[in-house]
Amino acid sequence: MNGFRLLLVAALVVAVAFLALPVVAIFLRVPPAQLVEQLADERARDALVVSLRTSLVAHALVVGVGTPAAYLLATRSFRGRSLVVSLLELPLVLPPAVAGLGLLAAFGRSGLLGRELDALGLQIPFTQLAVVLAICFVASPFYVRAAIAAFAAVDVDVVAAARTLGAGEARTFARVVLPLAAGGLGAGSTVAFARGLGEFGATIMFAGSLPGRTQTAPLAIYDALDEAFGVALALSALLVLLSVLVLVLSKVLPRWLRSLQSSPSRAATSTSP
Amino acid sequence: MTRRVTAVLATAAALAGCGGDGGREGRHLEVFAASSLRGVLEELEPAARFTYGGSDDLAAQIRDGAPADVFLSAAAAPLERLRRDGLVGAPRAFASNRLVLVVPPGRRDGPRDVAALARPGLKLVLGAPGVPVGDYARAALARARVDVAANVVSLEQDAKGVLGKVALGEADAGIVYATDARAARDEVRTLAIPERLQPRIRYLAAPVERGDTEAAAAFLDRLTGEGGATALRAAGFVGLRG
């Protein structure tokens, strides 16, 4: 018993030390004042602007398309549903380099849709649109997965009650289901955003790397590693801080939203019995 | 990312080599060489372990303590920086290379020469600043007085990145070493760049001070001798000019 508990504690210590050490080491290697100074570097600023722009656009697309798609998958059962869910989750386990090559094979100039896109005057590789698509591809499963779980957890009786009270399907979705699922949606959304911000492999293959245009923060870190190590470290430190923020948000947001909505809705339901 | 992984792998390999027989006897010569030398020099020292990468990446690894005995760089700058800090011995030049233009195969309206790289809308891929193949390309373009700034769509970390994007047909042109283009001749079409535009490309080798300098010296003798010259010529490298 004692030996077993010791084993558990030892395993936890090893895990925490191993996972936290590299993150701590980034901050130990360069003093904070110097980190801030390095972030003023033109390259770092350009990369952050590209990263934020593309991540925000990609995120809007992911949430905009992912939310209704996940609602359908969570509330209807149909033939091939699990196949569809698996397909949507595939990018989660796909190596990023494979994702990049796949995007090129589909949307590249000599890719599957290359001629059609060209006819529309669209050449995607090497543009910010390519960065956005790469981010959407790798990040959307994180959101869709969380959204399906969040919608599935909504009490069907509450939905049914809204419908019998005369609310249409769309109105029920907007006024009842969305608020109830908001916590889970918010958590999935923040994790997907963080994954998109860190996207590297698919982006470097599909969009290339050009400062100010397609070079995102992770690509700039890779580029600066040899001759501008300080810039690479500073960008890394900033991404660590952003990741911590996202992680905290994804844990706090659901709880906060629940407490926010539980008070008025409980008051509303308590009047009925 | 890859450079860190190779550094770790190289360290692990060296540790394994040392641990095995506890001495220098069983230790392999560790050669850190520019990517463009891949597959060219293995025969010179079959027992050696070759780690390939961008010259500046390898220099950064050596600075970080990676266990190299010899460093073969595709440009002078990465080696000179190490030399200034006393990390490597005296460098010796051992080969030269040429730049070529690569274009996707089977495209009729593609560029035919360096001047055509300035054509509006052309998509050009080069090595990033600090990456020798990129710096050499910029030197050649400057000599040709061709302004391609608006056409560069990506700055890659090595020649492989440039070749890949051209081979896939996504970029219209790239500039790489003749030896890289030769190795990828099934994937890309190669166009010569005139002699007057060629920058002076020198491959330099130096023993790493912390490494086995004796074994390194023996390897460098073979590299700069007849054996090295033959292997380099066979791969398309050219002799040293002036």
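Calculation rules
- Residues numbered from 1 in each chain as written.
- Chains lettered and ligands numbered in written order.
- Predicted model: local features only at pLDDT ≥ 70, side-chain atom pairs only at ≥ 80, totals over all residues.
- Helix = DSSP H or I, 4+ residues; strand = E, 2+ residues; numbered from the N terminus.
- Buried ≥ 20, exposed ≤ 12 C-beta atoms within 10 Å, placed from the backbone.
- Contact = placed C-beta atoms within 7 Å.
- Pairing = 2+ DSSP bridges.
- Axes fitted to C-alpha atoms, helices over the stretch in contact; angles between N-to-C directions.
- Nonpolar A, V, L, I, M, F, W, Y, C, P; charged D, E, K, R; others polar.
- Domains from an automatic or database assignment.
- pLDDT = per-residue confidence, 0-100.
- Parallel < 35°, antiparallel > 145°, perpendicular 65-115°, else oblique.
- Left-handed = near helix turned anticlockwise from the far one by under 90°.
- Expected span 1.5 Å × (residues − 1).
- Bend = angle between axes of the 7 residues up to and from the residue.
- Core = buried A, V, L, I, M, F, W, Y, C linked by C-beta atoms within 7 Å.

Novice: Would you mind showing me how to read the overall build of chain B here?
Specialist: Counting secondary structure elements, chain B contains eight helices and 10 strands. Looking at chain B as a whole, 48% of its 242 residues are labelled buried. Here the contacts in chain B between residues at least 6 apart in sequence split such that 74% fall between residues at least 24 apart.

Novice: Sorry if this is basic, but what is going on with the overall build of chain A here?
Specialist: On a plain count of helices and strands, chain A comes out with 12 helices and zero strands. Sequence-ordered secondary structure for chain A, helices as α and strands as β, is α-α-α-α-α-α-α-α-α-α-α-α. Overall, chain A is about 70 × 65 × 40 Å in size when its C-alpha atoms are taken along their principal axes. Within chain A, buried positions represent 35% of all 273 residues. Long-range pairs, those at least 24 residues apart, make up 79% of the contacts in chain A between residues at least 6 apart in sequence.

Novice: Just checking my understanding: could you explain the sheet that holds strand S1 (residues 30-34) of chain B for this structure?
Specialist: Strand pairing within a sheet occurs via backbone hydrogen bonds; the two strands may be parallel or antiparallel. Residue and element names in this part refer to chain B. Read from one edge of the open sheet, five strands run S2-S1-S3-S10-S4, paired in mixed fashion. At either margin of the open sheet sits one strand with a lone partner, and together these are strand S2 (49-53) and strand S4 (92-95). The average undirected angle you get between the axes of adjacent strands in this sheet is 25°. Sheet analysis places S4 next to strand S10 (residues 203-207), joined by three bridges and oriented antiparallel. Each bridged residue has a counterpart across the sheet, and for Ala95 the counterpart in S10 is Tyr203. Together, strand S3 (70-73) and S10 form the strand contacts of helix H3 (residues 76-84), whose direction differs from that of S10 by roughly 25°.

Novice: Explain the sheet that holds strand S7 (residues 152-156) of chain B here, please?
Specialist: All names here are of chain B. Across the sheet, five strands lie side by side as S7-S6-S8-S5-S9; this open sheet has mixed pairing. The open sheet has two edge strands, S7 and strand S9 (189-192), and neither has a second partner. Along the sheet, successive strands turn relative to each other by an average axial angle of 30°, direction set aside. Across four bridges, the pairing between strand S6 (residues 124-127) and S7 is parallel. Across the sheet, residue Val125 finds its bridge partner in S7, namely Ser154. Of the strands in this sheet, strand S5 (99-103), S6, S7 and strand S8 (173-177) are in contact with helix H4 (residues 132-143), which crosses S6 at around 120°. On the sheet, helix H5 (residues 159-167) packs against S5, S6, S7 and S8 and is oriented at approximately 145° with respect to S8.

Novice: Just to check I follow, could you spell out the interface of chain A and chain B for this structure?
Specialist: Interfaces are often described in size by the accessible area the parts lose on coming together. With 14 residues of chain A at the interface, the matching set in chain B holds 19 residues. Looking at the side of chain A that touches chain B, its residues break down into six nonpolar, four polar and four charged.

Novice: Mind showing me how you'd approach the domain arrangement of chain B here?
Specialist: All names here are of chain B. Under the domain assignment used here, chain B contains domain 1 (2-96 + 202-234) and domain 2 (99-197). With seven residues of domain 1 in contact, the opposing surface of domain 2 contributes 11 residues. By residue class, the composition of the side of domain 1 that touches domain 2 is two nonpolar, four polar and one charged.

Novice: Quick question: what am I supposed to make of the confidence of the model for chain A here?
Specialist: Any segment with low pLDDT has predicted coordinates that should not be analysed in fine detail. The share of residues in chain A with pLDDT of 70 or more is 95%, and the mean pLDDT across the chain is 89. Confidence drops under pLDDT 50 across residues 265-273 of chain A; counting only partners more than four residues distant or on other chains, this segment forms zero contacts.

Novice: Would you mind going over the packing of helix H7 (residues 128-152) of chain A against helix H9 (residues 169-197) of chain A with me for this structure?
Specialist: Think of two packed helices as two axes; the pair is described by the angle between the axes and how far apart they sit. Residue and element names in this part refer to chain A. Their axes nearest at 8 Å, the elements H7 and H9 cross at an angle of 155°. Judged on the interaxial angle alone, H9 and H7 are roughly antiparallel. Relative to H9, the crossing made by H7 is right-handed. Two secondary-structure elements touch here, H7 through Ile135, Val138, Ala139, Ser140, Phe142, Tyr143, Arg145, Ala146, Ala147, Ala149, Ala150 and Phe151 and H9 through Val177, Ala181, Gly184, Leu185, Ala187, Gly188, Ser189, Val191, Ala192, Arg195 and Gly196. Partitioned by chemical class, the residues of the contact of H7 with H9 number 16 nonpolar, five polar and two charged.

Novice: Help me understand H7 of chain A, please; the structure alone is not making it clear to me.
Specialist: Residues three or four positions apart in an α-helix share a direction because the helix packs 3.6 residues into each turn. Taking 1.5 Å per residue as the helical rise, H7 of chain A with its 25 residues ought to reach 36 Å, and the 35 Å between its terminal C-alpha atoms agrees with that figure. In the structure, H7 of chain A departs most strongly from a straight axis at Ala139 of chain A, where the bend amounts to approximately 40° and where the proline Pro141 of chain A lies between one and four residues downstream.

Novice: It is not clear to me how the nonpolar core should be interpreted in this structure. Could you clarify?
Specialist: One broad trend across soluble globular proteins is that nonpolar side chains are buried collectively. If you look at the biggest cluster of nonpolar residues, it comprises 131 residues, and the most contacted ones within it are Ala134 of chain A together with Val70, Phe71, Val102 and Val176 of chain B. Apart from the residues within four sequence positions on either side, Val102 of chain B is in contact with Leu163, Val166, Ala173, Gly174, Val176, Ala181, Val188, Arg189 and Thr190 of chain B.

Novice: Is there a simple way to explain the packing of helix H3 (residues 42-75) of chain A against H9 of chain A in this structure?
Specialist: Residue and element names in this part refer to chain A. For the pair H3 and H9, the least separation of the axes is 10 Å and the interaxial angle reads 140°. With respect to their mutual orientation, H3 and H9 come out oblique. The interaxial crossing formed by H3 with H9 has right-handed handedness. Of H9, the residues touching H3 (which contributes Ser51, Ser55, Ala58, His59, Val62, Val63, Thr67 and Tyr71) are Phe173, Leu185, Ser189, Ala192, Phe193, Gly196 and Leu197.

Novice: I'm lost on H4 of chain B in this one. Help?
Specialist: Residue and element names in this part refer to chain B. When the terminal C-alpha atoms of H4 are compared, their 17 Å separation across 12 residues agrees well with the 16 Å that a helix rising 1.5 Å per residue should span. Restricting attention to buried positions, one finds in H4 the residues Pro132, Val133, Gly134, Tyr136, Ala137, Ala140 and Leu141. Where the residues of H4 are buried, they touch helix H2 (55-63), S5, S6, S7, H5 and S8. Phi turns positive one or two residues past the end of H4, at Arg145, with a value near 55°.

Novice: Before we go on, may I ask you to explain the confidence of the model for chain B in this structure?
Specialist: Residue and element names in this part refer to chain B. Taken residue by residue, chain B gives an average pLDDT of 86. The fraction at 70 or more is 88%. The low-confidence segment residues 1-25 (pLDDT under 50) makes 27 contacts with residues lying over four places distant or belonging to another chain. Here the prediction assigns the complex a pTM of 0.81, and the interface score ipTM is 0.78.

Novice: Even after reading the chapter, I still don't get unusual backbone geometry, so can you show me in this structure?
Specialist: Note: most peptide bonds trans; most residues except glycine with negative phi. Positive phi outside glycine occurs at Phe126 of chain A, with the angle close to 70°. Summarising the element assignment, Phe126 of chain A is placed in the loop between helix H6 (114-119) and H7. A tally of 24 C-beta atoms within 10 Å means that Phe126 of chain A is categorised as buried. For Arg145 of chain B, which is not glycine, the phi dihedral falls at a positive 55°.

Novice: What exactly am I supposed to notice about the environment of Leu117 of chain B here?
Specialist: All names here are of chain B. Residue position: Leu117 is located in the loop between S5 and S6. C-beta crowding within 10 Å serves as the criterion here: with 23 such atoms nearby, Leu117 is assigned to the buried category. With residues up to four places along the chain from it excluded, the contact list for Leu117 reads Pro111, Leu122, Leu124, Val146, Val148, Asn151 and Ala173.

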